[in-house]
Amino acid sequence: MVQPTALRGKSTVGTVIRTATLAAAFLMRAVASAAQQPEAAPLAVTGSWPAAQWIRGDQRIELRLTRPPAAGEGRVAILIGPTDWTGLFVEDRSTFHYTPASVRLPSGEQEVVVSLVAATGEWREIGRLPLRVVTARGFERASATPRLELGLRGQVAQSQTPPSGVPARERFQDLTVTAGLQSESVRSGWTTRTSLNVVGVSLHEEALRFGQLGEQAPSIDLADYILELGNGRTKLALGHVTQGTHRFLFNAQNCSSASPGFRCAPSFASRGATALLALGPFADLALAAVNGSPIVGWSNIAGVESSDHRIRSATLGVEARPARPGAFRLEASILDGSLQPVAGFAQGVVNDAETSRGIGVRVGASDAQGRFWLDAGFARSRFQNPTDPLLDRTLPIVAVREEEKDARYLDASYALIHNKRVGKTATASVVVGYRHERADPLYRSVAAPTARADILQNVVEATANIGSFSARLATARSHDNLDGIASILETQTDMTVLETMLPLATLGRDPSRPQAALPTITYQLSRTHQFGVSIPVDGGFDEPSKIPDQLSTNQAIGVEWQHAKWRAGYRFNRSFQDNRQVGRALADLANLTNNVTLGVMPHAAFDLTTEIAFEGAENFEISRVDVTRRLGVAGNWRPAARTAIAALVALTWTRDQAETNENRSTDANLQISQNVALWPAKRDRLQGQVFIRFSRRSAAAINQSAGLNDQSRAWSLSTGLNLRVF
């Protein structure tokens, strides 16, 4: 049936409407579906090598991205350290790999940085990966630093009047060459360090071993060397080493609760071998065998060739709390040493053969806050002087008995106030301390030559710091002749020391912004009373007038101003020695000093300093007063960056109050120095200084009562060159 025309029109309109509605709905669903699509996942990168391990320089490495970069995100760039290595990596979708062929991976610790570079040139970092690569020889780190320095010191002209005493070398040029090599390498946790220094001289008398070998001393000689191998708490060393941590066995000093393991700085230095071995987390063992005296040169290279001139020691240390070294540490040491009367290269001859064997115990403790600190020790040493036929000379010599003696010490301190806040920026601390030391008569250890025997000493001190103000008060008492031998004089010494510093420029204000108009004031007072306790029996002190009794005091006051353009200071010092010895009550001495200093720096390249001093010394026993006046002027001018000119003039006048004796002297020096840089791009190569110096001195000694008027003058022109080749 054919529909009517009107009905067909309505049907067509409805169809269009329905079609449009369906299309709109489809479009809306498509838009919604598109809006619900997940965004691209963020890019990240991982490496194919273990991040914490060291790898070889020829090892293949890969970088893996979580997905390939989308179109428009940019290209991938790979940097190892500061260098772009992108062109050496092969891309395989989301993987980039590098197989070393002619170019090895750079040795050392580097970072691999992966970034995206947009078409606009903008870099966006994706990730960073640590890369540790050993050297071609398998070391994690390796370095070698050679050193060569030249020194030329000479005199080109000189004159002296009167001519008596003219030096044998009026003109000379002496060359000194110092060559050295230092290296360090690390492999599998072990660190190896080496150091070697050789000195050569043109003047034979300045050879290192001239005092020992005379004309046979080589002009080029080994000054020092050391080979070290260590891994954490374990360390082996050969060469010029130090040993010992007990002050009465080895003269060890500079103990501090802040040092690792509460260790003292070993002070007995010589050529030999040492070993520090870790015995688990709680203990360590230090072994040493060294030459009996410091040596240089190519002979006895290990330092332990002579058994009768050698010192051996061992120290076992135990830490109660390894997590905090120094909380409580116990050390036990043994020493076996023998010395022969041989000359050291920088010291005199040991007067006699000596041997000693000793044991020592040391305890160190401190708290975690740093308020309390304790260091105590005990030592027993058996000392002997073996018979030396070269000293006996067929004379009747009484043999020295072998002696076994003890020594002990105790150092302790406690902070009553510990870094307490005062005001906005200042802190306050008050620390009290006590030191005790006792060494038996005739105590001696061959490795502690400066340890004093036959002494008992106690010291109490207090130190206060409040902001920039500081003060210290200490009192000490000591006496000798501990065995109470009737024929030996027993002396006692009492000492009190007070030291204060008051910087008014920073008091109560920020230290970085001082008040230049206000000075820093210092005051020092020391009082020492030394006297004999009793009159010895049959000791040569048959009269009371021979028993010493002296009281000495010394006071010093200083006032100093500091400014960017000027500085000024005044110092007053007064000392008095009161002789209370019977029969010598007038044998007193008094000294008085006034010192004024003024310095100006009108320009960064120029400064000038003037010092004036007035001194008086009075001897009451002979009724004599000497007056000394000093005037000194020093200036420095830097006309160019590498050029410096320094000048100094000093005048001194001394005369007695009666004007019968007078001494005058004038010293003048002028030096021009020029820093040289033959290779400006390398600051450690071909750098040095050349200088020329003119010196003049004149002196006059006048004694009117004797009719003497001696005058002398001398001048010299010297040159020098110091050059660091590398």
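The structure under discussion appears in the preceding block.
To keep things clear, this report deals only with the structure shown in the data block. Quantities reported herein were computed from a predicted structural model and do not represent experimental measurements.

Another point: the overall build of the chain. Secondary structure assignment for the chain yields four helices and 35 strands. Split into buried and exposed, the 726 residues of the chain put 33% on the buried side. Restricting to contacts in the chain with at least 6 residues of sequence separation, those with at least 24 account for 57%. Element-wise, carbon and sulfur atoms account for 58% of the exposed surface of the chain, whose accessible area totals about 41900 Å².

Let us look at the sheet that holds strand β9 (residues 123-133). Sheet architecture is open: five strands sit in the order β2-β9-β8-β4-β5, paired in mixed fashion. Because the sheet does not close on itself, it has two edges, and the strands there are β2 (54-55) and β5 (83-84). Both strand β4 (residues 75-80) and strand β8 (residues 108-117) contribute to a ladder of six bridges, which runs antiparallel. The partner of Ala77 across the bridge, within β8, is Ser115.

Before going further, it helps to spend a moment on a nonpolar patch on the surface. A cluster of nonpolar side chains, namely Leu279, Phe282, Leu316, Val318, Phe328, Leu330 and Val361, defines an oily patch on the protein surface of about 570 Å² accessible area. Of all the secondary-structure elements, those providing two or more residues to the nonpolar patch are β17 (310-319) and β18 (328-339). By the secondary structure assignment, Leu330 is in strand β18.

Looking now at the pairing of strand β28 (residues 566-579). Alignment of strand β27 (residues 549-562) against β28, held across 13 bridges, turns out to be antiparallel. Among the inter-strand pairings, Gln555 is bridged to a residue of β28, identified as Arg574. Hairpin remark: β27 followed by β28, antiparallel, with three residues in the connecting loop. Where β28 and strand β29 (residues 589-603) come together, twelve bridges link them in antiparallel fashion. Along β29, the bridge assignment pairs Gln577 with Leu589.

On the secondary structure map, Asn709 appears in strand β35 (residues 708-724). Note on Asn709: relative accessible area 47%, which makes it partly exposed. Each C-alpha atom, one on Asn709 and one on Asn663, is 9.7 Å from the other, the two residues being 46 residues apart in sequence. Those residues in contact with Asn709 that lie beyond four places of it in its chain are Ala701 and Ile702. A polar side-chain atom of Asn709 sits 3.5 Å from a polar atom in the side chain of Gln711.

A regular strand carries its side chains on alternate faces of the sheet. Pairing of strand β13 (residues 220-231) with strand β14 (residues 234-243) involves six bridges; the strand directions are antiparallel. Residue pairing in the sheet places Gly230 in a bridge with Lys235 of β14. Where β13 folds back onto β14 in an antiparallel hairpin, the turn is made up of two residues, including Gly232, whose phi is positive at roughly 65°. With nine bridges joining them, β14 and strand β15 (residues 268-279) adopt antiparallel strand pairing. Counterpart to Gln243 in the pairing with β15 is Phe268.

Generally speaking, soluble globular proteins have nonpolar side chains that are buried together. If you look at the biggest cluster of nonpolar residues, it comprises 22 residues, and the most contacted ones within it are Trp49, Leu63, Phe89, Leu105, Val112 and Val114. Of all elements in the fold, only β3 (61-65), β4, β7 (95-98), β8 and β9 reach the threshold of two or more residues within this core. Sequence-distant contacts of Leu63, defined by excluding residues within four places in its chain, comprise Val45, Thr46, Gly47, Trp49, Ile78, Phe89, Ser94, Thr95, Phe96, Val112, Val114 and Leu129. By size, the runner-up hydrophobic cluster in this structure holds 20 residues, among which are Phe250, Phe268, Phe383 and Tyr409.

Tracing the sequence through the fold places Ser698 in strand β34 (residues 687-703). With relative accessibility at 17%, the residue Ser698 sits in the buried group. Here Ser698 is in contact with Arg664, Ser665, Thr666, Ser712 and Arg713, once residues within four sequence places are set aside.

So, on to the packing of aromatic side chains. Scanning all chains against the criterion turns up six aromatic pairs. Measuring from centroid to centroid gives 6.3 Å for Phe248 and Tyr409, while their planes differ by 50°, and the two rings are tilted. You can see Phe248 sitting in helix α3 (residues 247-250) and its partner Tyr409 sitting in strand β21 (residues 403-422), a full 161 residues away along the chain. Put simply, the rings of Trp85, Phe89 and Tyr98 touch in pairs and so form one group of aromatic residues.

Below, the discussion takes up the sheet that holds β7. The strand order across the open sheet built from four strands is β1-β3-β7-β6, with neighbouring strands paired in antiparallel fashion. In this open sheet, the two edge strands, each paired with only one partner strand, are β1 (45-47) and β6 (90-92). The sheet shows a mean angle of 20° between the axes of neighbouring strands, taken without regard to direction. In the sheet, β6 pairs with β7 via three bridges, with the strands oriented antiparallel. Across the sheet, residue Asp92 finds its bridge partner in β7, namely Thr95.

Here Gly292 shows up in the loop between β16 (283-291) and β17. A C-alpha to C-alpha distance of 4.5 Å links Gly292 and Arg310, two positions 18 residues apart in sequence. Discounting residues that sit within four places of it in the chain, Gly292 has contacts with Phe268, His309, Arg310, Ile311 and Leu339.

Quick notes on the rules
Residues numbered from 1 in each chain as written. Predicted model: local features only at pLDDT ≥ 70, side-chain atom pairs only at ≥ 80, totals over all residues. Heavy atoms only, no water. Helix = DSSP H or I, 4+ residues; strand = E, 2+ residues; numbered from the N terminus. Buried < 20%, exposed > 50% of the residue type's maximum accessible area, 1.4 Å probe, protein only. Contact = heavy atoms within 4.5 Å. Areas by Shrake-Rupley, 256 points an atom, 1.4 Å probe, with all protein chains shown as cover. Pairing = 2+ DSSP bridges. Patch = residues over 30% accessible without salt bridge, like charges linked within 9 Å, V, L, I, M, F, W, Y side chains within 5 Å. Salt bridge = Lys/Arg side-chain N within 4 Å of Asp/Glu carboxyl O. Polar contact = N/O pair within 3.5 Å; in protein donor to acceptor, adjacent residues only side chain to side chain. Core = buried A, V, L, I, M, F, W, Y, C linked by side-chain atoms within 4.5 Å. Phe/Tyr/Trp six-rings, centres within 6.5 Å; stacked < 30°, edge-to-face > 60°. Axes fitted to C-alpha atoms, helices over the stretch in contact; angles between N-to-C directions.

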